[in-house]
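Coordinate inspection notes
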Amino acid sequence: MIAIKSFGITGVNGYIVDVEVDIAKGLPGYTLVGLPDNAVKEGKERVKSAILNCDYKFPIGNVIINLAPASAKKEGAIYDLPIAVGILANTRVITKSLKDWAFLGELSLNGELRRVNGVLPALLTAVEHKIKNVIIPTDNYNEAAFVSGINVYTARNLADVVDYFAGDMIDATPLCQVQTANFETLLADAVYPCDMKYVRGQFVAKRALEIAAAGGHNIILIGPPGSGKTMLAKCFQTILPPMTFNESMETTKIHSCAGLLDAEHGIVLTRPFRCPHHTASTVSLAGGGKFARPGEISLAHNGVLFLDEMPEYNRGCLELLRQPLENHSIMISRAAMTVEYPASFVLVASMNPCPCGYYGSRIKRCKCTQSKIQHYLGKISGPLLDRIDLHIEVDQVTYNDLTNDKLAEDSATIRKRVTAARAIQNQRFAETLIHNNATMDAAMVKKYCKLSSEGENILKSAFENLNLSARAYTRILKVARTIADLAGSPEILPEHLTEAISYRSLDRFNRGVNE
Amino acid sequence: MNEIQTIRLGDSNYPKSLLDLKDPPKQLYVKGNLNLLNHPMVSIVGTRDCTRYGLMVAKDLATHCAEAGFVVVSGLAEGIDTAAHQGAGEKTIAVLGNGINVYYPIINKELQNKIANTGLLISEYPPDFHGDKSTFPQRNRIVAALGRAVIAVEADLHSGTLITIRKAQTLQRVVYAVPGNINCYASQGTNDLIANHGAKMITNAADLIKNLTGHKSSSQLQPVKQITMDQQKILNILKTDEIHFDDLVMESGLSVPQLSTLLTNMEMIGLIEKLPGNYFIAK
């Protein structure tokens, strides 16, 4: 019996799978056990063809393959290579010890190795379990370039692997050893598809997005169709601080499991921007399904989740966001398993101010009655709205703004200010589990958002004169803290507070004639 | 809570002004402060599909009329009617096209209750009667007849408000109309009233009160508030029109944080008002 090491994935974390191959005497047979899914099961036919097409002998006997631990469901085609190696070791084609080696890869019928998903979490598991060498398909090269403390080799086909073990194993010619890449240099080359400098006008929205980026605050943009809400949201990812190595690894793990990784970079360098359509199901947002997959909120981990036309999403979808917005992760529980996916994202939402879209606009006349408007706004529940710190109204830009030749500030300049504000917060929260102002709990708000007596008076007068709802209170304090951080001020000054107050329009939105 | 009472045609407290009608209501169901019927009344009417300008003017005129001793009559519909009732405070009469126990429109439930307590509800229909297509235009004749003057705040060219106005003119009531932007649908009807149908134009609340009472408005000028240079600059820009935040940035030359702070402060001391869509207007 020969045991070969490979990997399995639950959620976004890997575990070691032992691929045991035994050839018993008796009638020829070929069995695969160990809770394989269909892709794994069909692998045994691929393996047989690949072995024969590479001119090796397929053993005559009762071939039994076991994937241990037997209780965990094995998914995907990554076991083709370890099974093939196990069979060839049993037939003495490979004679060297495979104790320090692990394998993963899908085989084609002629023995070529194909790209697989989940390589990064698998390699991290290998490091954790002190496995020295891993062989992966060539096409997964880039994904392996950021794992240190392990020798990773890529192989083009099954013959390369066999040749390597048949030789002296010092000359690695048949294989290619993966060189570690420099994260910083790659990061510097990261390209975003858009830039804030192309957004004309919209001064207040841009300022609010800057604050949202600096403090990690959730934000909702309210405005008529065509007012540029979507473009603003798309540019939001460009002003977020650059990803740190750890953030990038976390996000890459998730994208690797979902099979969304860009083969060219092999790592996620730009903060993800996910915009699921409003017909999205709860499972596609939260994750889960028969074969657990990360949902949109996890794919947006360390980035932006954009919900365009928020009231159009079905109620269940919106409500499920509440827990991840608090905990920054989501627990998917099914009868068969429980997996946890990280989901720490900034929520950017957009909505029209009323069903027809033109309430408050000067471009077109609104056709909605007050009760219709209230009903529309009511689609977003209070508890969810509670988790959105900034409410910004946008309107279509005027002709003057559009023809203004002066380009606006570019994303890089804004990003610099945002990064500086984040640095202040990192220092402030160095000994806690949180990283930004938006996630402060009640005690921290009390500690870090102290107001002068003048500030207290302003807030009091704002509540009395501006019809603010009580739930706005902590939101305003947190946003004011971020505005102060952007200004580099250790204290929250009155002007920071008044600016924060001005970004709470939804609290005051229902006024209309019912004031 | 006040009880519903009935007033029959011929009773001593039956409003005299309704006798001008060809078909005065045989009986009125009323709820609230009956004393209001003894005061001089002004009717304020307008479209449900109104603009912010209309709401502001309706409310403002109603407040001034109430201060000058008039009771403001309107129809409790959405839009201008609602603003007029709100502006008049307690001195207001709502004439319903349905029974007094029926809340319509439902969004005005609170307002209807408030008027039943401190103002007066009037209906010619039994308390539990649900209005229909014909009863709302019918109540307009009561609105038209009750006021010694009728003010049209906003109406487009096909608005039901114009029915009330025509009725008022046949009853020899003085008709006033609020002029508006000639490109705005909601002012086309009222502008037309001024231009072609003999309505008097309202230029400001004080003139209206002078016209109605024969003497100057007693309401005091608001005390002058201390304002800063920057605030004055904003007020100068807002003098002509409601302006969007972005345009204020361009015109004032202030940065976005500065302007946000300034505007919020000005709003809190009541110099300006923030409108939906991030527009600002001087108060």
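Residues numbered from 1 in each chain as written. Chains lettered and ligands numbered in written order. Predicted model: local features only at pLDDT ≥ 70, side-chain atom pairs only at ≥ 80, totals over all residues.

**Quick look at the overall build of chain A**
A tally of helices and strands in chain A yields 21 helices and 19 strands. Residue pairs at least 24 apart in sequence account for 75% of intrachain contacts in chain A once pairs closer than 6 positions are excluded. (Helix = DSSP H or I, 4+ residues; strand = E, 2+ residues; numbered from the N terminus. Contact = placed C-beta atoms within 7 Å.)

**Remarks on the overall build of chain B**
Assigned secondary structure in chain B consists of 10 helices and 12 strands. For 283 residues, the compact-globule formula gives about 19 Å, and the C-alpha radius of gyration of chain B, at 20 Å, lands near that figure. Dimensions of chain B, computed from C-alpha atoms along their principal axes, come out at roughly 65 × 45 × 40 Å. Going through the 283 residues of chain B one by one, you find that 48% of them count as buried. (Rg over C-alpha atoms; globule rule 2.2 N^0.38 Å. Buried ≥ 20, exposed ≤ 12 C-beta atoms within 10 Å, placed from the backbone.)

**Details of the nonpolar core**
Ranked by internal contacts, the top residues of the largest apolar core, which has 140 residues, are A:Ala84, A:Ala208, A:Ile219, A:Ile392 and A:Ala480. Looking at this core, the element that brings in the most residues is helix 7 (residues 203-215) of chain A, giving nine residues. If we ignore the near neighbours within four places in the chain, the residues touching A:Ala208 are A:Ile219, A:Leu390, A:Ile392 and A:Tyr503. Judged by nonpolar contacts, the second largest core, of 66 residues, contains B:Ile44, B:Val73, B:Ala149 and B:Ala186. (Core = buried A, V, L, I, M, F, W, Y, C linked by C-beta atoms within 7 Å.)

**Some details on the interface of chain A and chain B**
Between chain A and chain B, the contact holds 28 residues from the first and 26 residues from the second. Put simply, the parts of the chain that give the side of chain A that touches chain B at least two residues each are helix 7, helix 14 (370-377), helix 19 (453-465) and helix 21 (494-501) of chain A. Among the elements that line the side of chain A that touches chain B, the one with the most residues is helix 21 of chain A, at four residues. Classifying every residue of the side of chain A that touches chain B by side-chain character gives nine nonpolar, 12 polar and seven charged. (Nonpolar A, V, L, I, M, F, W, Y, C, P; charged D, E, K, R; others polar.)

**Considering the pairing of strand 2 (residues 27-32) of chain B**
Residues and elements named next belong to chain B. With five of six residues buried, strand 2 is to be regarded as a mostly interior element. As paired strands, strand 1 (residues 4-8) and strand 2 are joined by five bridges and run antiparallel to one another. Bridge assignment links glutamine 5 to a residue of strand 2, and that residue is valine 30. (Pairing = 2+ DSSP bridges.)

**Digging into the packing of helix 8 (residues 229-238) of chain B against helix 9 (residues 245-252) of chain B**
The packing of two helices is summarised by the inter-axis angle and the distance between the axes. Residue and element names in this part refer to chain B. Closest axis-to-axis distance for the helix 8/helix 9 pair is 11 Å, and the angle between their directions is 120 degrees. As far as their axial angle goes, helix 9 and helix 8 are oblique. Between helix 8 and helix 9 the crossing geometry is right-handed. Counting all contacts with helix 8, which are made through Lys233, Ile234 and Ile237, the residues of helix 9 involved are Leu248, Glu251 and Ser252. Here the contact of helix 8 with helix 9 is composed, by residue class, of three nonpolar, one polar and two charged. (Axes fitted to C-alpha atoms, helices over the stretch in contact; angles between N-to-C directions. Parallel < 35°, antiparallel > 145°, perpendicular 65-115°, else oblique. Left-handed = near helix turned anticlockwise from the far one by under 90°.)

**A word on unusual backbone geometry**
Residue A:Pro69 is reached from A:Ala68 by a cis peptide bond, and omega for that bond is 5 degrees. Here the bond from B:Tyr104 into B:Pro105 is cis, since omega is -10 degrees, no more than 30 degrees from zero. Topologically, B:Pro105 is positioned in the loop between strand 5 (92-96) and helix 3 (109-118). Positive phi outside glycine occurs at A:Glu309, with the angle close to 55 degrees.

**Points about the environment of A:Gly34**
All names here are of chain A. With respect to the helices and strands, the residue glycine 34 is situated in the loop between strand 3 (29-33) and helix 1 (38-53). Glycine 34 sits in the buried class, given 21 other C-beta atoms within 10 Å. Spatially, the C-alpha atom of glycine 34 lies 5.4 Å from that of asparagine 66, the residues being 32 residues apart in sequence. In this view, glycine 34 contacts Asn66, Leu67, Ala68, Ala70 and Lys74; residues no more than four positions away in its chain are not counted.

**Notes on the packing of helix 7 of chain A against helix 8 (residues 229-239) of chain A**
Residues and elements named next belong to chain A. Where helix 7 meets helix 8, the closest approach of the two axes is 10 Å, and the angle between their N-to-C directions is 45 degrees. With respect to helix 8, the element helix 7 is oriented oblique. Seen along the crossing, helix 7 lies across helix 8 with a hand that is right-handed. Here Ala205, Leu209, Glu210 and Ala213 of helix 7 lie close against helix 8, whose contacting residues are Leu232, Phe236 and Ile239. Partitioning the contact of helix 7 with helix 8 into residue classes produces six nonpolar, no polar and one charged.

**Things to note about the domain arrangement of chain B**
You can read the domains of chain B as domain 1 (4-213) and domain 2 (229-282). Its C-alpha centre places domain 1 of chain B at a distance of 34 Å from the equivalent point of domain 2 of chain B. (Domains from an automatic or database assignment.)

**Section: the sheet that holds strand 7 (residues 149-152) of chain B**
Through backbone hydrogen bonds, the strands of a sheet pair up, either in parallel or in antiparallel fashion. Residues and elements named next belong to chain B. Strand order across the open sheet formed by nine strands is 1-2-6-5-4-3-7-8-9, with mixed pairing between neighbours. At either margin of the open sheet sits one strand with a lone partner, and together these are strand 1 and strand 9 (200-201). With four bridges connecting them, strand 7 and strand 8 (residues 174-177) associate as parallel partners. Bridge pairing in strand 8 links isoleucine 151 to tyrosine 176. The sheet strands contacting helix 1 (residues 52-67) are strand 3 (41-45), strand 4 (71-74) and strand 7, and the helix crosses strand 3 at an angle near 175 degrees.

**Brief notes about the domain arrangement of chain A**
Interfaces are often sized by the amount of accessible area the parts lose when they come together. All names here are of chain A. For chain A, the domain assignment lists domain 1 (2-181) and domain 2 (187-514). Its C-alpha centre places domain 1 at a distance of 44 Å from the equivalent point of domain 2. Counting residues at the interface gives 17 residues for domain 1 and 20 residues for domain 2. Broken down by secondary-structure element, the contributors of at least two residues to the side of domain 1 that touches domain 2 are strand 1 (2-10), helix 3 (119-128) and helix 4 (141-144). Class assignment of the residues belonging to the side of domain 1 that touches domain 2 gives a composition of eight nonpolar, five polar and four charged.

**A word on the sheet that holds strand 10 (residues 243-244) of chain B**
Residues and elements named next belong to chain B. Taken in spatial order, the three strands of this open sheet run 10-12-11, and their pairing is antiparallel. Only two strands of the sheet have a single partner each, and these edge strands are strand 10 and strand 11 (272-275). For strand 10 and strand 12 (residues 279-282), the ladder comprises two bridges, and the chain directions are antiparallel. Within strand 12, the position partnered with isoleucine 243 by the bridge is phenylalanine 280. Strands in contact with helix 8 are strand 10, strand 11 and strand 12; relative to strand 12, the strand with the most contacts, it is inclined by about 95 degrees.

**Considering the confidence of the model for chain B**
For chain B, mean pLDDT is 89; residues scoring 70 or higher make up 96% of the total. For this predicted complex, the interface score ipTM comes out at 0.73, while the overall pTM is 0.75. (pLDDT = per-residue confidence, 0-100.)

**Some thoughts on helix 3 of chain B**
Residues and elements named next belong to chain B. Listed as buried for helix 3 are Leu111, Gln112, Ile115 and Ala116. Taken around the axis of helix 3, the buried residues stretch over an arc of 140 degrees, which confines them to a single face. Set apart from the buried face of helix 3 by more than 90 degrees, the exposed residues are Lys109 and Glu110. On the buried face of helix 3, the contacting elements are strand 2, helix 2 (80-88), strand 5 and strand 6 (120-123). (Arc of directions from axis to C-beta.)

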